[in-house]
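Spelled out, the chains give:
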Amino acid sequence: MNNHCFGCDFGSYHLKIYHKDADSYLMQHNMVAVQDKKTMLAYGDEAYAMFEKAPANIQVSSPMSYGNLASISYMQAFLKSLLEKNTKGQLRGAEFFVALPTDMQERSFTMLIQDSNMKPKAVYLVDKPVAAGLGLDINVKEAQGVMVIDIGAETTEISVLSLGGTVISRLIQTGGRSIDDAIQAAIRKEYNFYIGNKTAENIKKELAYAVEPEEGSMQICGRNMVIGLPQMLEITTEFVYESIKEQLNVIMDAVKSILERTPPELGVDIIRNGIYLTGGSARIRKLDQLIQERSGIRVTVDNEPELSVARGLARVINDKEFRSLAFVTKEQKYE
Ligand SMILES: Nc1ncnc2c1ncn2[C@@H]1O[C@H](COP(=O)(O)OP(=O)(O)OP(=O)(O)O)[C@@H](O)[C@H]1O
Ligand SMILES: [Mg+2]
């Protein structure tokens, strides 16, 4: 037995783990490479390196889909291998604190770990928006309305928190990946030019602005669909800005609808405290400015936005004041 304790944020793009004993964070691409539908060849960043490059008998995919578990067995195998590697193999009897996304089943996120052959001592859940709020250094237990927007890869979770709970929360299936897809589709339509997902993501990271793009461009590599050969093409910030507008509008409409449904007293708090923006896609340039302009509310962006949920789980694990924010499903009973 041991007293390992982990905080887990199962993102659809990154798996993030807080490891209490080492007081450190692990972040890896949440991907597995599976050969002939049975043997796990690689996981994490190593599997991501194979993405879009593997032969037909090797499938590279994420065990998570739009915030939910797509493959429990692969998620379990990846988690176990990663943790064993980082804890010298002593996993039995560990405690887990798992971030539960809005609208997802408590039971499946508990059983993911409880039913695995890691033989844990206990599995606790923490609402993901609450963990994100804690990770942003907000005291979520106060009677103060706070809005947190977490824009990840496949989901955007917009939540109003108060008194340690979510008053309103909505998860939509729009995020970094749909922005990548929009860039890919626009390039195909405008230039008859095919690019892969990784190239689309790189273009976003290099050139995406949510408002008033600064001048800039990059050379990309893809396939000219008219002549069928690989070629280079120049893409500008202005082109990317026009391609991603619609996806950003989807996110802004969801933010607006949550603000409209927020009880007035909490709305006043949000105006006073501002909106907090997190998740990897919070790195899109001037996204805070877009939200601020459309909502009229000041926006604060996390410095390390991929890790805010895991940092919040670390606070639940380490700070007695926040332990009460963790809960268990009805079926589980721990001492
Ligand atoms: N510099 C950047 N500019 C724009 N987007 C970025 C940047 N860096 C990372 N991203 C995007 O952030 C996303 C990953 O963020 P994050 O790790 O928060 O997602 P996740 O938690 O795995 O997903 P989800 O919460 O939706 O399940 C990816 O879509 C990635 O392309
Ligand atoms: Mg996430």
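It should be emphasised that the depicted structure is a prediction, and the values quoted were computed from it without experimental measurement. The residue numbering used here restarts from 1 in each chain and proceeds along that chain's sequence as written. Numbering of ligands from 1 and lettering of chains from A proceed in the order in which they are written. Reporting of local features is limited, given that this is a predicted model, to residues whose pLDDT is at least 70; pairs of side-chain atoms are given and counted only at 80 or more, and all residues count toward the totals for whole chains, interfaces and linings.

1. Concerning the site of ligand 1
No. 1: For ligand 1, the set of nearby residues contains 22 residues, the closest of which are Gly11, Tyr13, Gly152, Gly176 and Gly280.
No. 2: Elements supplying a minimum of two residues to the shell around ligand 1: α5 (176-191) and α6 (197-207).
No. 3: Amino acid classes used here: Ala, Val, Leu, Ile, Met, Phe, Trp, Tyr, Cys and Pro are nonpolar; Asp, Glu, Lys and Arg are charged; the rest, including Gly, are polar. When grouped by side-chain class, the residues that make up the shell around ligand 1 number four nonpolar, 11 polar and seven charged.
No. 4: Start and end positions for the domains come from either an automated domain assignment or a database one. Taken domain by domain, the shell around ligand 1 gets at least three of its residues from each of domain 1 (5-131 + 309-325) and domain 2 (139-301). Placing the C-beta atom from the backbone, one calls a residue near a molecule or strand if that atom lies within 6 Å of it. Labels follow the DSSP assignment, with helices taken as runs of H or I lasting at least four residues and strands as runs of E lasting at least two, numbered in each case from the N terminus.

2. Some details on the sheet that holds strand β3 (residues 24-29)
No. 1: DSSP-based pairing: two strands are paired if at least 2 bridges between them are found. Taken in spatial order, the five strands of this open sheet run β3-β2-β1-β9-β10, and their pairing is mixed. Each edge of the open sheet is held by one strand with a lone partner, namely β3 and β10 (122-127). Taken pair by pair, the neighbouring strands of this sheet meet at an average axis angle of 20 degrees, ignoring direction.
No. 2: Pairing between strand β1 (residues 5-10) and strand β9 (residues 95-100): four bridges, direction parallel. Axes here refer to lines fitted to C-alpha atoms; in helices the fit is confined to the stretch in contact. Angles between the N-to-C directions go from 0 to 180 degrees.

3. Considerations on the domain arrangement of the protein chain
No. 1: Here the protein chain is described as being made up of domain 1 (5-131 + 309-325) and domain 2 (139-301).
No. 2: Between domain 1 and domain 2, the C-alpha centre-to-centre distance is 25 Å.
No. 3: Contact definition: two residues whose C-beta atoms, as placed from backbone geometry, lie within 7 Å. The interface of domain 1 with domain 2 comprises 16 residues on the first partner and 22 residues on the second.
No. 4: The element that contributes the greatest number of residues to the side of domain 1 that touches domain 2 is helix α4 (residues 128-135), accounting for three residues.
No. 5: For the side of domain 1 that touches domain 2, the residue count by class is seven nonpolar, five polar and four charged.

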